[in-house]
Structure formats: C-alpha cells, structure tokens
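The primary structure of each chain is shown beneath.
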Amino acid sequence: MKKSHIFAIIVIAIAVGIVVSMSGDASKYVDFKEAFEMAAENNHDKVHVVGKLKKSNSGNIIGLYYDPVRDPNYFSFIMVDNNNEEHQVVYFNPKPQDFERSEQIVVVGNVKENVFVAKEILMKCPSKYEEKEIKAGL
C-alpha cells in the first residue's frame, strides 16, 4: 500500500470517530411531561424543552428568582412549555443578560428531584432587525 492510501484511511477513521463521539451528546426536543417521565424511568439524558416565561394577566413575569448577593450562581424561574404545562427551572449559573425580554426559551438539561435543572439556556429575543413600517413624507 502507498503511504497516501494509509494516510487517507487514518483520516477517514478519525472523521468517523469524531462523528460517533459527537452523536452520543445529541439530545432531543421534548415537553415537560416527557422529560419528567424520562426521569421517573431513571433516564437522565439531556433534553431540550421549548417554552416561555410564566406571566400574569398584566404581563409581569411570575416566579423569577435571582439574588446575586446571596448566590450569584443560582437562578430559577417558572417556564410554560408548548403544551401549557409549567414547571420550575433551576440554572446554576448567573442569570443571562436580557432574560426578561426573551420571547421564547429553550432549556437544555434534565429533571432532578422534581425540578428541571438547566445546563444551558437559549433565548429568542425580540429582533432589532425586524422590518418596521417606514412612512415617507411627500
């Protein structure tokens, strides 16, 4: 065999190894009901849950707790998933900037002791690039 063939086989083997190792970290999108069912079955795989912050009728956020003086690495809030099921989410990191302004939230983590523990929080904030109506004066 030529050295170039051996090198090509090694490169392909490394690429396959990378793909296989990354696929083990893949998580799926579920709702709170499925995430809690997985935890009840002792399945603690990482999952994505999509939802919004719980708000009162007047639009105020309900259940948001962050006290950076007491513990800057503890942040909790109540999230409502797409099936209108609400649960407390705990995030053991500082509160993300502009969290209250987010339109939609994706939490990545799993259920522990009847609480969803987020490892990551992804936010969809109102876009400053949305097309706005422009009136031209004639």
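All of the points below concern the structure found in this document.

What counts and how
Within each chain, residue numbers correspond to sequence positions counted from 1 in written order. At least 70 in pLDDT is required for a residue's local features to be given in this predicted model, at least 80 for side-chain atom pairs to be given and counted, and no such filter applies to totals for whole chains, interfaces and linings, which use all residues. Excluded from the side-chain calculation are hydrogens and water; included are all heavy atoms of the structure. Between buried and exposed lies partly exposed: a residue is buried under 20% and exposed over 50% of the maximum accessible area for its type, with that area taken using a 1.4 Å probe on protein chains only. To qualify as a helix, a DSSP run of H or I must reach at least 4 residues; to qualify as a strand, a run of E must reach at least 2; elements of each kind are numbered from the N terminus. Picture the helix axis, draw a direction to every C-beta atom, and the arc is the one those directions span. The contact criterion used throughout is that any non-hydrogen atoms of two residues lie within 4.5 Å. When charges are tallied, Lys and Arg are placed among the positive residues and Asp and Glu among the negative ones, while His and the ends of the chain are skipped. Put simply, a salt bridge is a Lys or Arg side-chain nitrogen that is within 4 Å of an Asp or Glu carboxyl oxygen. Polar contacts, as counted here, are pairs of nitrogen or oxygen atoms within 3.5 Å of one another; within protein the pair requires one atom able to donate a hydrogen and one able to accept it, and residues that are adjacent in sequence qualify only if both atoms are side-chain atoms. Here a strand pair is declared whenever DSSP counts at least two bridges between the two strands. Put simply, buried Ala, Val, Leu, Ile, Met, Phe, Trp, Tyr and Cys residues joined by side-chain atoms within 4.5 Å make one nonpolar core.

### Quick word on helix α2 (residues 32–40)
Part 1 of the reasoning: Listed as buried for α2 are Phe32, Ala35, Phe36, Met38 and Ala39. Burial along α2 is one-sided: seen end-on, the buried residues are contained in an arc of 155 degrees.
Part 2 of the reasoning: Looking at the packing, one finds that the buried side of α2 touches β1 (28–30), β2 (47–53), β4 (75–81), β5 (86–91), β6 (104–112) and β7 (115–124).
Part 3 of the reasoning: Once α2 finishes, Asn42 follows within two positions and takes phi at roughly 65 degrees, a positive value.

### Some remarks on the side chain of Asp81
Part 1 of the reasoning: On the secondary structure map, Asp81 appears in strand β4.
Part 2 of the reasoning: The charged side chain of Asp81 is buried without a salt bridge, its nearest counter-charge being Lys33 at 9.9 Å.
Part 3 of the reasoning: At 2.9 Å, the side chain of Asp81 forms a polar contact with the backbone nitrogen of Phe32.
Part 4 of the reasoning: Polar contacts involving the side chain of Asp81 include one to the main-chain amide nitrogen of Asn83, which spans 2.9 Å.

### As for the pairing of β6
Remember that side chains alternate between the two faces of the sheet whenever the strand is regular.
Part 1 of the reasoning: Of all nine residues in β6, seven are buried, a share of seventy percent or more.
Part 2 of the reasoning: Looking at chain direction, β2 and β6 are connected through five bridges and run antiparallel. Bridge pairing in β6 links Val50 to Val106.
Part 3 of the reasoning: As defined by bridge partners, β6 adjoins β7 across nine bridges and the pair is classed as antiparallel. Within β7, the residue paired with Asn110 across the bridge is Val117.
Part 4 of the reasoning: The hairpin turn running from β6 into β7, its antiparallel successor, is two residues long, and Glu113 in that turn takes a positive phi close to 50 degrees.

### Section: the nonpolar core
Part 1 of the reasoning: Residues Phe77, Val107, Phe116 and Ile121 are the most contacted members of the largest nonpolar core, which totals 21 residues.
Part 2 of the reasoning: Taken together, the elements giving at least two residues each to this core come down to α2, β2, β4, β5, β6 and β7.
Part 3 of the reasoning: Per element, the largest residue contribution to this core is five residues, and it comes from α2.
Part 4 of the reasoning: With residues near it in sequence (within four places) discarded, Val107 still touches Val47, His48, Val49, Phe77, Met79, Val89, Phe116, Ala118, Glu120 and Ile121.

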